[in-house]
Amino acid sequence: MPDATGLELIAGELRDAEGADVVTDTLFFRDRATLSVQPTHIRAVLAHLRTKGYTFLASLHGVDYYPHEPRLGVCYELLDMASVDRITVKLRVASDTPEVESVTEDWPTADHQEREVYDMFGVVFRGHRDLRRILMPEDYEGHPQRRDFPIGGEPVIFTFNERDALGSSE
Amino acid sequence: MSEYRRREQSITLGPLHEQLDEQSEGGAESTQELLTLNFGPHHPATHGVLRLLVTLQGEIVRDVKPIIGYVHTGIEKTAEDKSYWKVIPVIERMDYLSYYFNAMAFCGAVETLIDVEVPKRAQYLRVIHLELNRIMSHLVWLGTSALDLGAISMFWYCFREREKILDLFEMSSGQRMHTRYFQVGGVIEDIPPGFAEKLRGFLAEMPSRVDQYRDMLNGNEIVLQRLRGTCPLDAETLLSLGVTGPLLRAAGNPWDLRKADPYCSYDDFDFKIPIGTAGDNYDRFACRVAEMYESVKIASQALEGLPEGPHITEDRKVALPPRHELATSMEALIHHFKLVTEGMRVPPGEVYFPIESPRGELGCFVRSDGSSKPARVHMRDPSFVNLQATSPMVKGAYIADMIATLAMLDPILGGIDR
């Protein structure tokens, strides 16, 4: 892990290279380094970190910070295999315009994981070649991992209630 | 004349015959036609309910698209509605062959958030169970993979050994699968009398069993022809696709979190990381088989070096007090009541905790908002990420090799779909 000073150095370098407002926050918590960045610059930030040795994208996942705004978050867990060092890059987008640039071109591993975040949280990854639902059925409505999406409440369809559940089309 | 007869007679075979004639004259070009084949989800060789949309040119695979989600049960969503200690049983059911690893990743993340120290004895007990689980998972993989290649007896041999491991799990926790043995702060109970002897007996026997399996398959011409040199992929491509675990090690990259970034006292043990050279199906097979020997070594070292001490943290805000204290101590009773009704409160924060599962990097991301239920639990499941390597591996290979590759990929659909 980069220590707290190392994290500030990386943040400073990023501010110099990409603009002063790129890094919105740094956090060093339980020996883990986290960089919060502007969603518009995510590709540039990840490309910069790649030159610093973080060449492996271990995980990409979504978070919902409901009821805080900007509500939806995407985390990128980067790993430097040579020095066994991890850093987390985070961004936040508002739920009415949940758009982030896709990183699949630089990191092919993000393909399925971005689809999962889109499926579960409704974050749209611009530039993803095949942004479809991955775990939920194609015709599913809503994004189930959002915090305001209710648990349960979906009727199980049996013969006796299929007419009510599916509407009067039959 | 009936309606059916009229319809039957209206069908002419003319155009079809002409087509066939053209094809036979065209020679080799006549087989250039592409065929899209649906493979699965209910097919024994897909190791669960994986569905593949395969585009074939003759016998050669030109494209593969995995379609998943058939066993999606929303465990990550369910976990948000349960207090931390009740999340463990649901999270164990994700990757159903490596339940100890799922629990370990989750408990590790929560322990990091709370900043609680796990006693040394608990760490060693965890290592014993993790490594037994790794052997068990590899045995299921070996048995079913051999089954895919047509070797049926292998399956029975592997499941014989797996039974012994499940018996050990039953002894320590009362359950054979989804044991809920790992708790936040340690393990639920110390190992019972007799466990150590039984485990010692198993560990003494296991290497000779793996010898037998290895000899049986290594000396089999059919297995070798199916595996050797088929569907290789270099380490660089694997890394860009996020592939970890035995698949990456088979390609020559010795990345193993147990060595690289030791957690749970793995740095106390002496073991090797088996790696391959060519990165083909044979190396994937050989790597996993070799890993079983190493797991036996780690488990025996942990058993012989098992330190004395508590099996779970003594922090009463995290772990339940021992039963006998409840009769005499008011404070213990209050702690027990608070833990069972509300559960532990975890300080707000976000943590990603990666461990080395039998299939690669299993990371658990937990976000806490300060309440007694997690605000977000996400598993970075290695099967889910590794599945993306299917297409680059099998493109240009025969469809029979695709079955072998799928077996060597070792995808667990419970983990992929969660």
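Refer to the structure above for everything that follows.
Structural notes, computed from the coordinates.

Quick word on the overall build of chain B
Helix and strand counts for chain B stand at 19 helices and eight strands. Counting only C-alpha atoms and orienting by the principal axes, one finds that chain B spans roughly 95 × 50 × 45 Å. The 418 residues of chain B split such that 48% are buried.

As for the packing of helix H7 (residues 152-173) of chain B against helix H8 (residues 195-218) of chain B
Residue and element names in this part refer to chain B. Direction vectors running N to C along H7 and H8 enclose 165 degrees, while the axes themselves pass 11 Å from each other. Viewed along their axes, H7 and H8 adopt a mutual orientation that is roughly antiparallel. For the pair H7 and H8, the sense of crossing is left-handed. The residues of H8 that touch H7, namely those facing Met154, Tyr157, Glu161, Lys164, Leu168, Met171 and Ser172, are Phe195, Lys198, Leu199, Phe202, Met206, Arg209, Tyr213 and Met216.

Regarding the interface of chain A and chain B
You'll often see interface size given as the accessible area lost when the parts meet. Tallying the contact residues gives 24 residues for chain A and 31 residues for chain B. Elements with a minimum of two residues in the side of chain A that touches chain B: strand E3 (56-64), strand E4 (72-80) and helix H3 (110-121) of chain A. Taken together, the residues of the side of chain A that touches chain B sort by class into 14 nonpolar, six polar and four charged.

Section: the pairing of strand E2 (residues 32-37) of chain A
Residues and elements named next belong to chain A. Looking at chain direction, strand E1 (residues 23-29) and E2 are connected through six bridges and run antiparallel. Each bridged residue has a counterpart across the sheet, and for Leu27 the counterpart in E2 is Thr34. Linking two consecutive strands that pair antiparallel, namely E1 and E2, is a turn of two residues; a positive phi of about 50 degrees is found at Arg30 within it. Strand direction decides the pairing type here: E2 and strand E5 (residues 85-93), joined by three bridges, are parallel. The residue of E5 that forms the bridge with Ser36 is Lys90.

Conventions we followed
Residues numbered from 1 in each chain as written. Chains lettered and ligands numbered in written order. Predicted model: local features only at pLDDT ≥ 70, side-chain atom pairs only at ≥ 80, totals over all residues. Helix = DSSP H or I, 4+ residues; strand = E, 2+ residues; numbered from the N terminus. Buried ≥ 20, exposed ≤ 12 C-beta atoms within 10 Å, placed from the backbone. Axes fitted to C-alpha atoms, helices over the stretch in contact; angles between N-to-C directions. Parallel < 35°, antiparallel > 145°, perpendicular 65-115°, else oblique. Left-handed = near helix turned anticlockwise from the far one by under 90°. Contact = placed C-beta atoms within 7 Å. Nonpolar A, V, L, I, M, F, W, Y, C, P; charged D, E, K, R; others polar. Pairing = 2+ DSSP bridges.

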